[in-house]
Amino acid sequence: MKTEGSEFYIGWQPEAPDGISRRVRHFILTVCIIVPVVGALLVLNQVGFADSSFEYGQPTALSGALVKTPAPFLQVFRGKDLNGKPVYQNILLVSPGKHGVGEQLAAFEQKMGRSLEGTIVKLKGNLIYHDGKTLMEVEDCLEMLADNKGVGLENPPKLLGGGAFIGEITDPKCLFGAMKPGYGKPHRSCAARCIAGGIPPVLKTLSTNGKVRYYLLAGEDGGALNEEVLPFVGDQVVVCGSVKKMGDWLVIFKDAGKPLGLAPEGLELGVPMCK
Amino acid sequence: MSVNYAPVLWNRQKKLYDRLMAGFMALFLAVFIGLQLAVYPNITVETLIIRASGSLAFLMLHIILCIGPLARIDRRFLPLLYNRRHLGVTMCCVALVHGIFNLVQFHSLGNVDPLISMFTSNVNYGSIGRFPFEVFGFFSLLILMLMATTSHDFWLKNLTPRIWKTLHMMVYFAYAMLLAHVLLGVIQLEKSPVLIGLLALGATTVAGLHTWAAVLTKRQDTEPEAGLLEGFHRVCQVGEIAENRAKTVMVGGENIAIFKYDGKLSAVSNLCRHQNGPLGEGKIVDGCITCPWHGYQYLPHNGQSPPPFTEKVETYDLRLEGDWVYVNPKPYPEGTERPPCSIHNTLEKLSKIAEAYENGRQ
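Residues numbered from 1 in each chain as written. Chains lettered and ligands numbered in written order. Predicted model: local features only at pLDDT ≥ 70, side-chain atom pairs only at ≥ 80, totals over all residues.

Colleague: Got a sec to walk through the overall build of chain A? Specific residues and values, please.
Modeller: The helix and strand tally for chain A stands at five helices and 13 strands. Computed over C-alpha atoms, the radius of gyration of chain A comes to 26 Å, more than 25% over the 19 Å expected from 2.2 N^0.38 for 275 residues, which places it beyond the range of a compact globule. Its C-alpha atoms give chain A principal-axis dimensions of about 95 × 45 × 40 Å. Here chain A holds 275 residues, and the buried ones make up 43% of them. Long-range contacts, defined as pairs at least 24 residues apart, comprise 67% of the intrachain contacts of chain A with a sequence gap of at least 6. (Helix = DSSP H or I, 4+ residues; strand = E, 2+ residues; numbered from the N terminus. Rg over C-alpha atoms; globule rule 2.2 N^0.38 Å. Buried ≥ 20, exposed ≤ 12 C-beta atoms within 10 Å, placed from the backbone. Contact = placed C-beta atoms within 7 Å.)

If you want it as structure tokens, here you go:
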């Protein structure tokens, strides 16, 4: 054990001996270098954060046709394209906190005394958007504007094909802006809570060319898949089913006979065969 | 040392210590938050708070864990140990910010209670890679909170130093759990080799310094010499002990410090009554054995703190045979007066024997 001669440090004395002070000063200088270097290395070696937006506290009122399956959407008319065809934006609806919008819509329907599927309604809430996808955290179901059944049929789900898809299951509310990051292991429990609370699950996939795609997950009959995916939230999984395009969203209708499974280790890309 | 309990007994060294600690924390937060906002302006406030507080608390814990062995390797680091409890309590508060924000961000506003959510949202307890890492963080935070709340001398006195020390040794368990918390949590997302390297460097530094200090301490712990005299163990020669300093020996399971001062020798327990600090590494200052950790003082001949203080340590009997020091490892109750062994008498006796021997030869 090293000491500086006969110097002895006593904390309650006003001054420390010179040799001891010198050694402590060296330590302080070392920490002065370590602290900012560690701070900088921690920041500069993160994967970064998405440029997603959550307009929390800035509610927007929107009108559109209510679609309840396979996921709750507000189908908003956005004008016409160059060919004169109407363009709709499907806004996925969620509730505040870690809850799906189901209860809010049920209460609204009860208040109106009827089912609102396909009906034009006006909702107010905070918009969440990223990568071409928009969600609304519904604050208020304001009013039923018109019994305009059939609007949703202008933009029916279109079958694109089928197969097996590998990706991470998470919740769209956090993934598209409520949290950053809204995926990965640190977010796993939060995603599980959101999905358990009724927010429809989403599969985030990465193609071989590095393009990220998002698929809402639904049962073969369009029913909710939340309970079934819960044990796999945050994991790389294989989902087998058919894909349909619903406006600006892709939806995988999972084959009922093919259970979800963990993707083989290291197989995060590509499309394995469904057995 | 104090007669009454007070929240903090401030002195110049403690104030200096706390100012430096606050300065370093501000420096880290300024660099971390400033750089984060400059490089990743998209980060949310919640994530910024969670990451800044978690990183700062973990860095502080590393420094805290390094101070102990550093002070054993080189006594000139002892000032860092003096007010370490303030560093520990502050680190716990920063860790608490991290824990609370995580609980609110990831587990609140759901369909179950946030604490239940922490244990049930991810139930892959049988898998290493998928293990719910939050649980490690939760239990290590509990340990840190327990340590912070019992850090005051009131608890030290009432729990007894042995129980208090055992409780506070749980920091190593908390550290191991925090390593698992980081490895199985954020490192599963942020897979940068630099971050993994930093984590490994931190753990290696902590483990390396502790090993180094343990080896040094083992070398210093003197085993008794082969010699037994009516219950007394031969431990060293008088010349091996520096003036106003001590030699520490482990005899019959007793950790004993033998002090040399004013031509006398006295033996007391090597464990300070305050935090079990190594009294044998202390010094006689103003006639009192002074603990190197926090300056607690004891009179060498009776192990009692000078009035009005009330701390006491065990005392032991010593014998001198020639130049050899013998100690009886049977402790006397704390604060029992034992007459010091006079070195002069022995030396005089030795001189007389040598003189007689010389005269006989002539």
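Colleague: Just give me the short version of the interface of chain B and chain A, but keep the residues and values in it.
Modeller: Tallying the contact residues gives 56 residues for chain B and 50 residues for chain A. At the level of secondary structure, the elements contributing two or more residues to the side of chain B that touches chain A comprise helix H1 (12-39), helix H2 (45-73), helix H3 (78-82), helix H4 (84-107), helix H10 (186-189), helix H11 (193-220) and strand E6 (283-285) of chain B. Sorting elements by how many residues they give to the side of chain B that touches chain A places H1 of chain B first, with 11 residues. The residue makeup of the side of chain B that touches chain A, split by class, is 27 nonpolar, 20 polar and nine charged. (Nonpolar A, V, L, I, M, F, W, Y, C, P; charged D, E, K, R; others polar.)

Colleague: Account for the sheet that holds strand E8 (residues 297-298) of chain B, naming residues and giving values.
Modeller: Residue and element names in this part refer to chain B. Strand order in the open sheet formed by three strands is E6-E7-E8, and the pairing between neighbours is antiparallel. Edge strands, defined here as strands with exactly one partner in the open sheet, are E6 and E8. One ladder, built from two bridges, connects strand E7 (residues 288-290) with E8; its direction is antiparallel. By the bridge assignment for E8, Ile289 is matched with Tyr298. (Pairing = 2+ DSSP bridges.)

Colleague: An account of the packing of helix H6 (residues 133-149) of chain B against helix H9 (residues 171-183) of chain B is needed here, citing residue identities and associated values.
Modeller: Residues and elements named next belong to chain B. Two numbers describe how H6 lies on H9: the axes approach to 8 Å, and their chain directions differ by 155°. Judged on the interaxial angle alone, H9 and H6 are roughly antiparallel. Of the two possible hands of crossing, H6 and H9 adopt the one that is left-handed. Facing Phe133, Phe136, Gly137, Phe139, Ser140, Ile143, Leu144 and Met147 of H6, the residues of H9 in contact are Val171, Phe173, Ala174, Met177, Leu178, Ala180 and His181. (Axes fitted to C-alpha atoms, helices over the stretch in contact; angles between N-to-C directions. Parallel < 35°, antiparallel > 145°, perpendicular 65-115°, else oblique. Left-handed = near helix turned anticlockwise from the far one by under 90°.)

Colleague: Give me the lowdown on the pairing of strand E3 (residues 246-251) of chain B, citing residues and values where you can.
Modeller: On a regular strand, each side chain points to the face opposite its neighbour's, so the side chains alternate between the two faces of the sheet. All names here are of chain B. Alignment of E3 against strand E4 (residues 254-261), held across six bridges, turns out to be antiparallel. Opposite Met250, over in E4, you have Asn255 as the bridge partner. The turn joining E3 and E4, which pair antiparallel and follow one another in sequence, is formed by two residues; a positive phi near 55° is taken by Gly252.

Colleague: Describe H4 of chain B, naming the residues involved and giving the relevant values.
Modeller: Across its 24 residues, H4 of chain B extends 33 Å between first and last C-alpha, which sits within 8% of the 34 Å expected from 1.5 Å per residue. Immediately downstream of H4 of chain B, the backbone of Leu109 of chain B shows phi near 60°, a positive value. (Expected span 1.5 Å × (residues − 1).)

Colleague: Run through the confidence of the model for chain B, naming residues and quoting values.
Modeller: Overall, the prediction assigns chain B a mean pLDDT of 90, with 91% of residues at 70 or greater. The ipTM assigned to the predicted complex is 0.91, against a pTM of 0.86. (pLDDT = per-residue confidence, 0-100.)

Colleague: So what's going on with the packing of H1 of chain B against H2 of chain B? Which residues, and what values?
Modeller: Residues and elements named next belong to chain B. Direction vectors running N to C along H1 and H2 enclose 145°, while the axes themselves pass 10 Å from each other. Note on packing geometry: the crossing formed by H1 with H2 is right-handed. Where H1 abuts H2, its residues Met25, Phe28, Leu29, Phe32, Ile33 and Gln36 lie against Leu48, Ala52, Ser55, Leu56 and Leu59. Split into classes, the residues belonging to the contact of H1 with H2 amount to nine nonpolar, two polar and no charged.

Colleague: Report on the environment of Glu254 of chain B, specifying residues and quantitative values.
Modeller: Residue and element names in this part refer to chain B. With respect to the helices and strands, Glu254 occurs in strand E4. Along the backbone, Glu254 and Lys14 are 240 residues apart, and their C-alpha atoms lie at a distance of 33 Å. Discounting residues that sit within four places of it in the chain, Glu254 has contacts with Pro329 and Pro331.

Colleague: Describe unusual backbone geometry, and please don't skip the residues or the numbers.
Modeller: In this structure, Pro70 of chain A follows Thr69 of chain A across a cis peptide bond, with omega equal to 0°. Position of Pro70 of chain A among the secondary structure elements: in the loop between strand E2 (60-67) and strand E3 (73-80). With an omega of 10°, the peptide bond between Pro307 of chain B and Pro308 of chain B qualifies as cis. By the element assignment, Pro308 of chain B lies in the loop between E8 and strand E9 (315-321). At Asp131 of chain A, a position not held by glycine, the phi torsion is positive, near 55°.

Colleague: Tell me about helix H4 (residues 188-196) of chain A, residues and numbers included.
Modeller: Of all nine residues making up H4 of chain A, nine are buried, and the element is well covered by its neighbours. Within H4 of chain A the residues assigned to the buried category are Arg188, Ser189, Cys190, Ala191, Ala192, Arg193, Cys194, Ile195 and Ala196 of chain A. Looking at the buried residues of H4 of chain A, the elements they touch are strand E8 (158-170), helix H3 (172-178) and helix H5 (226-229) of chain A together with H4, helix H5 (114-120) and H6 of chain B. Following H4 of chain A by one or two positions, Gly198 of chain A has its phi on the positive side, about 110°.

Colleague: Outline the pairing of strand E4 (residues 86-95) of chain A, listing residues and values.
Modeller: Residues and elements named next belong to chain A. Across the 10 residues that make up E4, a large majority, seven, are buried. Pairing geometry for E3 and E4, over six bridges, is antiparallel. What sits directly across from Phe77, in E4, is Tyr88. As consecutive antiparallel partners, E3 and E4 are separated by five residues, and within that stretch Gly84 has a phi angle of approximately 85°, a positive value. Sheet topology note: the E4/strand E7 (residues 133-146) ladder contains three bridges and is parallel. What sits directly across from Leu92, in E7, is Leu135. Bridging between E4 and strand E5 (residues 99-100) involves two bridges; their strand directions are antiparallel.

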